[in-house]
Amino acid sequence: MKTINIIASLVFAILVSCEKTNPDLTNPALLVNAGDNFMIRFNDSLVINQDQIDFYDFSSQLIYLKTGHSFSPSGEGLFTVLVDSSEIYSGKMLPSYSSLLYMGPIIRCTPSFYGDYLIYIGFIQLIDSLGNKINEDPRSDIRIIETLKKLDKYRAGLSCEIKSVERLSSNSVKVKFLLTNNDPFNLYYLDPGKMGINLFHYFTNGLFLTDQNNKTYTHNTSYLRPEPRNAWKNDWLSVLKSKESRVHSIIYGEFETIPPGYYKADFSFPGLSNQVTRDEFQKDNGRIWLGDLYTTKKIFIK
């Protein structure tokens with residue numbers, strides 16, 4: 001099963017009471033003009049700018065570097081995202097094996113889930129006991145998005161939405177989710193129908209349900225590991241054309257018994273990661289979508 005960063009709402013019950021004063025970072029009112037330059041500075045020395053960047057996929061928060069450029073830092077440090085030399089936000093670089101608890105923007109260094117032609121900027125969300133966000137996610141700041149659009153390096157990527165969660169029997173649950181290609185070209189994605197539920201769940205933890213008392217229910221699906229471990233096949237992929245949407249369903253036959261009531265459904269949709277090389281992700285009529293998507297929905301189970 002793929003190791004993932006579970007968001008703080010699943011891991012922490014932080015008793016914090018505070019007044020939120022952070023601005024809406026996606027508010028167009030904050031934008032005066034799109035900038036001319038985008039860059040990331042690492043430890044006040046290494047700089048990666050738009051000339052080295054092929055594009056930035058905001059659905060997976062992956063920055064794709066051009067051929068001839070790579071990113072494989074080790075150890076700890078700081079990074080800063082800038083537009084026209086003005087800092088938009090900063091974060092921390094940590095080794096993937098680090099146990100340091102850090103809330104906010106983060107880059108996991110070597111070893112990484114991704115190839116050295118990718119930079120993944122993650123974010124650890126802090127949520128209080130009432131479900132309120134304590135720290136705002138700055139990665140989709142409108143100044144960054146508009147600057148990258150101006151430079152033709154912005155990609156909206158793939159989106160996932162839970163449509164319904166239905167209990168079929170005492171230990172059987174069906175989730176329906178909608179995938180949408182928000183980009184102007186084709187995207188290839190992992191198709192659970194082609195892969196089968198066991199292989200698909202090697203790449204994801206799938207569906208979780210949390211009741212109003214913060215008790216979590218999940219499935220006991222066994223996963224099937226590819227052989228060799230880093231293998232993947234084109235047969236696992238389906239294609240979504242530009243702006244196309246498609247509904248998929250997964251039936252969990254080994255779900256924990258859930259009583260009727262209100263729940264928060266969390267679902268993680270996976271993509272490939274370091275299995276795909278720089279030469280493989282781009283296809284003649286589109287690209288393979290890489291990354292992970294996390295989506296949530298409030299539901300009622302009858």
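Nothing here was measured: the structure is a model prediction, and the numbers come from that model.

Would you mind going over the nonpolar core with me for this structure?
One broad rule of soluble globular proteins: the nonpolar side chains tend to lie buried together. Counting residues in each nonpolar core, the largest one holds 47 residues, and the members touching the most others are Val 165, Leu 207, Leu 209, Phe 269, Leu 272 and Leu 290. When sequence neighbours within four positions are dropped, the list of residues in contact with Leu 209 reads Val 165, Lys 215, Thr 216, Tyr 217, Phe 255, Ile 258, Tyr 263, Lys 264, Ala 265 and Ile 299. Core analysis: the second largest hydrophobic core is formed by 23 residues, Ile 40, Phe 42, Met 93 and Ile 121 among them.

Just checking my understanding: could you explain unusual backbone geometry for this structure?
A negative phi holds for most residues other than glycine; trans holds for most peptide bonds. Cis geometry marks the peptide bond from Glu 227 to Pro 228; its omega dihedral reads -5 degrees. Tracing the backbone shows Pro 228 in the loop between strand E15 (216-218) and strand E16 (237-240). Despite not being glycine, Gln 61 has its phi angle at roughly 55 degrees, a positive value. For Gln 61, the location among the structural elements is in the loop between strand E3 (53-57) and strand E4 (62-65). Phi at Asp 152 takes a positive value of approximately 60 degrees, unusual for a residue other than glycine. Residue position: Asp 152 is located in the loop between helix H2 (142-150) and strand E10 (154-155). The class for Asp 152 is exposed, based on a relative accessible area of 56%.

Teacher, can you tell me more about the confidence of the model for the protein chain here?
Note: predicted coordinates in regions of low pLDDT should not be interpreted at a detailed level. Residues of the protein chain with pLDDT of at least 70 account for 87%, and the chain-wide mean is 87. Scored below 50 in pLDDT, residues 3-32 shows 44 contacts in the model against residues more than four places distant or in partner chains.

Would you explain the sheet that holds strand E2 (residues 46-49) in this entry?
The strands making up a sheet are joined through hydrogen bonds of the backbone, oriented either antiparallel or parallel. Read from one edge to the other, the open sheet built from six strands follows the order E2-E1-E5-E6-E7-E9, with strand pairing classed as mixed. Bordering the open sheet on either side are E2 and strand E9 (122-124), each of which pairs with just one other strand. Neighbour-to-neighbour, the strand axes of the sheet open up by a mean angle of 30 degrees, direction not taken into account. As paired strands, strand E5 (residues 77-83) and strand E6 (residues 86-95) are joined by seven bridges and run antiparallel to one another. Within E6, the residue paired with Gly 77 across the bridge is Met 93. Contacts between H2 and the sheet are confined to strand E1 (38-42), E5 and E6, with E5 contributing the most and set at about 65 degrees to the helix.

Even after reading the chapter, I still don't get the packing of aromatic side chains, so can you show me in this structure?
In this structure the tally under the stated criterion is 21 aromatic pairs. Ring centres of Tyr 64 and Tyr 117 lie 6.4 Å apart, and the angle between their planes is 55 degrees; this geometry places the pair in the tilted category. With Tyr 64 in strand E4 and Tyr 117 in the loop between strand E7 (104-109) and strand E8 (118-120), this residue pair connects regions lying 53 residues apart in the sequence. The exposure class of Tyr 64 is buried, given its relative accessible area of 0%. Taking the relative accessible area as the measure of exposure, Tyr 117 reaches 2% and is therefore buried. Look at Tyr 117 and Phe 281: their rings are 5.7 Å apart centre to centre, the planes differ by 10 degrees, and that puts the pair in the stacked class.

Which parts of the structure should I look at to understand the sheet that holds strand E19 (residues 282-283)?
Spatially, four strands are ordered E16-E13-E20-E19 in an open sheet, and the strand pairing comes out mixed. The two strands at the open ends of the sheet, each matched to only one other strand, are E16 and E19. Pairing analysis gives two bridges linking strand E13 (residues 187-190) to strand E20 (residues 286-288), with the strands arranged parallel. What sits directly across from Leu 187, in E20, is Arg 287.

Rules used throughout
Residues numbered from 1 in each chain as written. Predicted model: local features only at pLDDT ≥ 70, side-chain atom pairs only at ≥ 80, totals over all residues. Heavy atoms only, no water. Core = buried A, V, L, I, M, F, W, Y, C linked by side-chain atoms within 4.5 Å. Buried < 20%, exposed > 50% of the residue type's maximum accessible area, 1.4 Å probe, protein only. Contact = heavy atoms within 4.5 Å. Helix = DSSP H or I, 4+ residues; strand = E, 2+ residues; numbered from the N terminus. pLDDT = per-residue confidence, 0-100. Pairing = 2+ DSSP bridges. Axes fitted to C-alpha atoms, helices over the stretch in contact; angles between N-to-C directions. Phe/Tyr/Trp six-rings, centres within 6.5 Å; stacked < 30°, edge-to-face > 60°.

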